[in-house]
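One-letter residues, chain by chain:
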Amino acid sequence: MNAPRARIIGTGSYLPEKRMTNDDLCKIVDTSSEWISSRTGILERRVAAEDEMTSDLAAHASRRALEAAGCAPEELDLIICATSTPDLVFPATATILQRKIEAQGAKAPAFDIQAVCTGFVYALSIADQFIRSGMSKKVLVVGAETFTRILDWEDRTTCILFGDGAGAVVLEAVAGDSPQGILSTRMHADGSHVELLRVTGGISRGRPSGFDVRHEALGFVDMHGNEVFKQAVKAMGAIAEEILLANNVTVDDIDWLIPHQANRRILQATAKRINIPEERVVMTVDHHGNTSAASVPLALDEAVRDGRIKPGQLILLDAFGGGFTWASALIRW
Ligand SMILES: CC(C)(COP(=O)(O)OP(=O)(O)OC[C@H]1O[C@@H](n2cnc3c(N)ncnc32)[C@H](O)[C@@H]1OP(=O)(O)O)[C@@H](O)C(=O)NCCC(=O)NCCS
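Since the structure is predicted, the reported quantities are computational estimates derived from the model, not experimental observations. (Residues numbered from 1 in each chain as written. Predicted model: local features only at pLDDT ≥ 70, side-chain atom pairs only at ≥ 80, totals over all residues. Heavy atoms only, no water.)

Things to note about the domain arrangement of the protein chain
Piece 1. Taken domain by domain, the protein chain consists of domain 1 (5-174) and domain 2 (181-332).
Piece 2. Measuring from the centre of the C-alpha atoms in domain 1 to the corresponding centre in domain 2 gives 13 Å.
Piece 3. In this complex, domain 1 contributes 55 residues to the contact, which on the side of domain 2 involves 47 residues.
Piece 4. Looking at the side of domain 1 facing domain 2, the largest losses of area belong to Cys-117, Val-121 and Tyr-122, adding up to 16% of the total buried there.
Piece 5. At the junction of domain 1 and domain 2, the tally comes to zero salt bridges.
Piece 6. Contributing elements (two or more residues each) for the side of domain 1 that touches domain 2: β1 (5-14), α2 (33-40), β3 (44-47), α3 (54-69), α5 (119-132), β6 (138-146) and β7 (164-174).
Piece 7. Counting residues per element, the side of domain 1 that touches domain 2 draws most heavily on α5, which supplies nine residues.
Piece 8. The residue makeup of the side of domain 1 that touches domain 2, split by class, is 26 nonpolar, 17 polar and 12 charged. (Domains from an automatic or database assignment. Contact = heavy atoms within 4.5 Å. Buried area = accessible area lost by both parts, 1.4 Å probe. Salt bridge = Lys/Arg side-chain N within 4 Å of Asp/Glu carboxyl O. Helix = DSSP H or I, 4+ residues; strand = E, 2+ residues; numbered from the N terminus. Nonpolar A, V, L, I, M, F, W, Y, C, P; charged D, E, K, R; others polar.)

Pasting the structure below:
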């Protein structure tokens, strides 16, 4: 008998209320609305309220995904949250989320994974392995970020790019010969480029003397934009080709490419590299900005809910992030 297959039975997402337009950013840093939109394709992004944590965003998105799936929280036997902006150093945001959605009754395992903007596709791949092995039957996978909390609002090269949000999916184990589900996933990392995209502070780096933990943040996003741009296009193109080849399909078979929403120019260059027309690429970066681990599930949920994604279609998820990390997933909807 074939190993079970993981099928997405519900999607959900959440964006904080507060919009920040490019004009709003012009009041904070020396930039222009035209520069931001022409270089990145971003027109606005959302910013979490002061009392809104990553787990709150994740809980909203998860409730919507559970509702769409017709799944009660206590049915979940695994929760994975992908985030680089956890509520706390510990416990994992996934356990805080478990309590917020009242799923703790099942005592199912819950943990975070951190692969920055690739986080959701990494988490989806891990969940797929748990389902294929028979360990799990109903899994919640979430990508959630309050990335605006780690931005340096004096650095115009980075603060214009990112936003907050969350997206979630519920996976169910189905028969291995079921036509629908996750067909395949691919994951990679190359730690030689850590310095090109990172947050400059962290726990084990320690605190300089006089550091006031109550007032000083633990570092900010720091990026070499040009180099990241080139690496992102190369890696996202290569991992798309790798997964297509491994599954004996061509780009013509793909109905929708859902890439990590880093920047419109990165998405256009990736689409060109793998030769998929832009009409078949889901783009939300104009109104979401780069929401890191939340970007792929936010875009997926938007395309499911507006009816672009239909049963039977072939969907390719493709992500790239700090580390560098990159990953893809091929899904028959
Ligand atoms: C960040 C990014 C938009 C910058 O665009 P770019 O075309 O590469 O621009 P450059 O960095 O070469 O800078 C060009 C000029 O614009 C200036 N500039 C940078 N940010 C600016 C801003 N917000 N407003 C106005 N000017 C800006 C620079 O200072 C530079 O000026 P100079 O020529 O006088 O030195 C681009 O590199 C990028 O998208 N990189 C990938 C980022 C990303 O998606 N990261 C996440 C991946 S998961």
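Examining the packing of aromatic side chains
Piece 1. Counting across every chain of the model gives three aromatic pairs.
Piece 2. Between Phe-111 and Phe-130, the ring centres sit 6.4 Å apart and the planes meet at 45 degrees, which makes this aromatic pair tilted. Residue Phe-111 is found in strand β5 (residues 110-113), and its partner Phe-130 is found in helix α5; the two are separated by 19 residues along the sequence.
Piece 3. Taking the relative accessible area as the measure of exposure, Phe-130 reaches 23% and is therefore partly exposed. (Phe/Tyr/Trp six-rings, centres within 6.5 Å; stacked < 30°, edge-to-face > 60°. Buried < 20%, exposed > 50% of the residue type's maximum accessible area, 1.4 Å probe, protein only.)

Observations concerning the pattern of salt bridges
Piece 1. Scanning the entire structure with this criterion turns up 13 salt bridges.
Piece 2. Linking Glu-44 and Arg-19 is a salt bridge whose minimum nitrogen-to-oxygen distance equals 2.6 Å. Of the two residues, Glu-44 sits in strand β3 while Arg-19 sits in strand β2 (residues 18-21), which places them 25 residues apart along the sequence.
Piece 3. On the accessibility criterion, Arg-19 (47% relative accessible area) is partly exposed.
Piece 4. Across the salt bridge formed by Lys-138 and Glu-75, the nearest N and O atoms sit 2.6 Å from each other. Taken together, the residues Lys-138 in strand β6 and Glu-75 in the loop between α3 and β4 (78-82) connect sequence positions 63 residues apart.
Piece 5. Residue classification places Lys-138 among the buried positions, given a relative accessible area of 15%.
Piece 6. Note on Glu-75: relative accessible area 35%, which makes it partly exposed.

Description of helix α7 (residues 264-274)
Piece 1. Taken together, the buried positions of α7 are Ile-266, Leu-267, Thr-270, Ala-271 and Ile-274. Down the axis, α7 shows its buried residues gathered within 130 degrees of arc, on one side only.
Piece 2. Lining the buried residues of α7 we find α6 (225-246), β11 (256-259) and β12 (314-321).
Piece 3. For α7, the side-chain oxygen to backbone nitrogen distance between the N-cap and Arg-265 is 2.7 Å, and the N-cap itself is Asn-263.
Piece 4. Following α7 by one or two positions, Asn-275 has its phi on the positive side, about 70 degrees. (Arc of directions from axis to C-beta. Polar contact = N/O pair within 3.5 Å; in protein donor to acceptor, adjacent residues only side chain to side chain.)

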